[in-house]
Amino acid sequence: MNVSSQTWIVVADDPAVTALVVAARALSAEVTAVVAGRRATAESVAAAGVDRVLWLGEPAEGTPVEAYAPDVARTVADGAPRAVLGSSDGAGRVMLGAIAALLQAPVLSGVIAVEHDGDQIGVTRSVFGGVAERRDLVTGGPAIIALAGGDVGDPSGAAVPVEEVTANPLTTGRLTGVRKKEKAPVNLGAARTVVAVGRGLKAKADLALITGLADAIGGELACSRPLAEGVDWIPKERNVGISGQQIAPELYVAIGISGQLQHMVGVRDAGVIVAVNSDKAALIFKQCDYGIVGDLYTVVPALTAALAPKP
Amino acid sequence: MTIVVAYKWAPNPQDAAVGSDGSVDFSRAKSAISEYDPVAFELARQVADATGAEVVGVTVGDASIDTSLARKAALSRGLDRLVIVADDRLAGADSTRLAAVLAAVVRGIGDVDLVLAGESSVDVTEGQVAMTLAGQLGWLGLNAVSSVSATDGGYAIERDVPSGTASMVLTGPAVLAATTDAVLSRVPGMKDILGAAKKPVEVLSLDMLDVSSAQVTLTAVSASRPAAGNRQRVIIDGSDPTAAAAELVGALRAAKVL
Ligand SMILES: Cc1cc2nc3c(=O)[nH]c(=O)nc-3n(C[C@H](O)[C@H](O)[C@H](O)COP(=O)(O)OP(=O)(O)OC[C@H]3O[C@@H](n4cnc5c(N)ncnc54)[C@H](O)[C@@H]3O)c2cc1C
């Protein structure tokens, strides 16, 4: 396939695109966005520093954004870009999957760096849950890349016009309602100290022990995945690991967490890691700076007391 | 109607041997039904029990995925039958290639209206194959599905979306990836394991499938093992919690992280 030198980004009705735009700009002078979803999203993308916005039209009531994946794929294929960037979140994966299927190209995930290598694109990725890193050259067509979306800094650049493209979204799924859930905003990434708890905790009521320590130490509360999914003790946004937050606080305290790969990848870059675990053979003791072998039910209150200001 | 469970027989990368050159050797790591896939088996079974649909497990990969242990592990989880493509040409295949082979199998099965998958595989951990499969089939693909139930002429589902829980109705074929906690998956009992031996298994040859060929390929340039981080590993005995806490707090103050 003939590829142009352009980079395209695909947007699944999420106006927070500056991370994608910045990554795309690093690859090419010209960036085109394909936007599925509401006009308001397309307009906000149009003001986020891209050169062109192709919008697939206002979705009919009840049409999920994922229904546009085949249209997104056709539009991208017509443009024949060198690289396609999209968000690695749920709807982003659907868009990238449709593009990958149409172009018979892999979706590259866990991306650490993307750059030109001669007239090819080189991609460095973390593979197999983070145990290794690989750099590959992408040949034969576009590099399709999944990145953490979101906003990094303010959008820049004058707004460009929104060009509407005809679309035929799938009609096999219809949204019938949304039960909204209030979520307190969490920014684990910004916290200097994070106190995380895992399955060593026996009951939800015992969380007070952990929040007590987090308060005494001035840290944000986090958790391993089993406390955020399955049991609903801690909101998912506080899950640390490959499926959740990857953070680098100065101090990370892991309480009743065994230290499995999928969790520890999330704190690989933390400054100091402290572990409290009753099993002296727990994996985490090989991956921490300080470890206390002991029962969290006695060690955590002692820690909280030791941190309390002296009268 | 048929419900397909697309699943993976995979090892945990935690058990792989990683060379300083970034090579990843899984030969001593034990494979199992990938950690989150049992959720898809259970969802499929529950829906099928309500509708009378047939549940077909489909897995594709290298030759090592087809062992009697692997077959039994899948068939004891509520499948009616199993279809396997096990070919060493699929060793290390990327998500698009795996999805292309899965799509060819699903098309071959014929009257499939639902493909269920887990959130992500334990070995590759990308959460991409199911959604690329949807692209390949031209079907609606949806992630983060937390419940599925049959309705007249389709399915009602719920999904985790950023703002809360969305309800949807499906009136045509779809590929759904379940949340990790959509349902509690049953642990197979003796009866399930014995019953597994009697269920049909079809092994398809990759050459007989109509799989589109890869257009984009990756050429490996280099690999590495990420620095493990030089952790100090100072281990404190917590049998006297007060003393242990004092020692830790002292060390953290000295390290200037408190
Ligand atoms: C594809 C995939 C993605 C994943 N993503 C993530 C992710 O993003 N984040 C994540 O965290 N996990 C993730 N996991 C799950 C991960 O593999 C582990 O299962 C999980 O991290 C284990 O959580 P845990 O350490 O809390 O529980 P466990 O492994 O059960 O460990 C509990 C620990 O508590 C200790 N303990 C018990 N009682 C006490 C006590 N009284 N005092 C002190 N210690 C005690 C035990 O010794 C044990 O070490 C993922 C898995 C897969 C397959």
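Located above this text is the structure these notes cover.
Quick caveat: nothing in here was measured; it's all calculated off a predicted structure.

What to know about the packing of helix α3 (residues 69-79) of chain A against helix α4 (residues 90-103) of chain A
All names here are of chain A.
Part 1 of the argument: Put simply, α3 and α4 touch, their axes get as near as 8 Å, and they point 50 degrees apart. Classed by the angle they form, the pair α3 and α4 counts as oblique. The two elements α3 and α4 cross, and the hand of that crossing is right-handed. Contacts between α3 and α4 involve Ala 69, Pro 70, Val 72, Ala 73, Arg 74, Val 76 and Ala 77 from the first element and Val 94, Met 95, Ala 98, Ile 99, Leu 102 and Leu 103 from the second.

Some details on the side chain of A:Arg135
Part 1 of the argument: Turning to its location among the elements, A:Arg135 is positioned in strand β8 (residues 132-139).
Part 2 of the argument: In this structure the side chain of A:Arg135 is engaged in a polar contact, spanning 2.8 Å, whose partner is the side chain of A:Glu115.
Part 3 of the argument: Once residues lying within four places of it in the same chain are set aside, the contact partners of A:Arg135 are A:Glu115, A:Asp117, A:Gly122, A:Val123, A:Thr124, B:Thr219, B:Ala220, B:Val221 and B:Ser222.

Digging into unusual backbone geometry
Of all residues except glycine, most have a negative phi; of all peptide bonds, most are trans.
Part 1 of the argument: Positive phi outside glycine occurs at A:Asp13, with the angle close to 55 degrees.
Part 2 of the argument: When you line up the elements, A:Asp13 lands in the loop between β1 (7-12) and α1 (18-25).
Part 3 of the argument: The phi dihedral of B:Thr125 falls on the positive side, at around 60 degrees, and the residue is not glycine.
Part 4 of the argument: Within the fold, B:Thr125 resides in the loop between β8 (112-117) and α4 (129-137).

Some words on the environment of B:Asp49
All names here are of chain B.
Part 1 of the argument: You can see Asp 49 is positioned in helix α1 (residues 37-51).
Part 2 of the argument: Since its relative accessible area comes to 52%, Asp 49 is described here as exposed.
Part 3 of the argument: Considered as a pair, Asp 49 and Ala 150 are 101 residues apart in the sequence and their alpha carbons are 10.0 Å apart.

Describing the site of the ligand
Part 1 of the argument: As a structural note, the neighbourhood of the ligand is formed by 32 residues, with A:Arg199, A:Ser224, A:Ser243, A:Ser258 and A:Asn277 the closest of them.
Part 2 of the argument: Nearby residues place the ligand at the junction of chains A and B.
Part 3 of the argument: Here A:Ser224 contributes a side-chain N or O atom positioned 2.5 Å from an oxygen atom of the ligand.
Part 4 of the argument: Between A:Leu296 and the ligand, the recorded distance is 2.8 Å, taken from a backbone N or O atom to a nitrogen atom.
Part 5 of the argument: When the ligand sits alone it has 970 Å² of accessible area, and the protein chains cover 89% of it.
Part 6 of the argument: Mapped by element, the contributors of at least two residues to the shell around the ligand are α6 (261-264) and α7 (296-307) of chain A.
Part 7 of the argument: A class-by-class count of the residues in the shell around the ligand yields eight nonpolar, 18 polar and six charged.

Let's talk about the pattern of salt bridges
Part 1 of the argument: Inspection of every chain in the model, using the stated rule, returns 26 salt bridges over all chains.
Part 2 of the argument: The partner of B:Arg159 in a salt bridge is A:Glu66, with the nearest N and O atoms 2.9 Å apart. One end of the pair, B:Arg159, is in strand β10 (residues 154-161); the other, A:Glu66, is in the loop between β3 (52-55) and α3, on a second chain. Assigned by exposure class, B:Arg159 and A:Glu66 land together as buried.
Part 3 of the argument: The closest approach of N and O atoms between B:Arg89 and B:Asp207, which form a salt bridge, is 2.9 Å. Residue B:Arg89 is found in the loop between β7 (81-86) and α3 (95-109), and its partner B:Asp207 is found in the loop between β13 (201-203) and β14 (217-224); the two are separated by 118 residues along the sequence.
Part 4 of the argument: Exposure remark for B:Arg89: the relative accessible area of 48% places this residue in the partly exposed category.
Part 5 of the argument: Overlapping salt bridges, with partners in common, bring together A:Glu115, A:Asp117 and A:Arg135 in one network.

Parameters and conventions
- Residues numbered from 1 in each chain as written.
- Chains lettered and ligands numbered in written order.
- Predicted model: local features only at pLDDT ≥ 70, side-chain atom pairs only at ≥ 80, totals over all residues.
- Heavy atoms only, no water.
- Axes fitted to C-alpha atoms, helices over the stretch in contact; angles between N-to-C directions.
- Helix = DSSP H or I, 4+ residues; strand = E, 2+ residues; numbered from the N terminus.
- Parallel < 35°, antiparallel > 145°, perpendicular 65-115°, else oblique.
- Left-handed = near helix turned anticlockwise from the far one by under 90°.
- Contact = heavy atoms within 4.5 Å.
- Polar contact = N/O pair within 3.5 Å; in protein donor to acceptor, adjacent residues only side chain to side chain.
- Buried < 20%, exposed > 50% of the residue type's maximum accessible area, 1.4 Å probe, protein only.
- Near = heavy atom within 4 Å.
- Areas by Shrake-Rupley, 256 points an atom, 1.4 Å probe, with all protein chains shown as cover.
- Nonpolar A, V, L, I, M, F, W, Y, C, P; charged D, E, K, R; others polar.
- Salt bridge = Lys/Arg side-chain N within 4 Å of Asp/Glu carboxyl O.

Remember that the coordinates give geometry; whether it matters functionally is a separate question.
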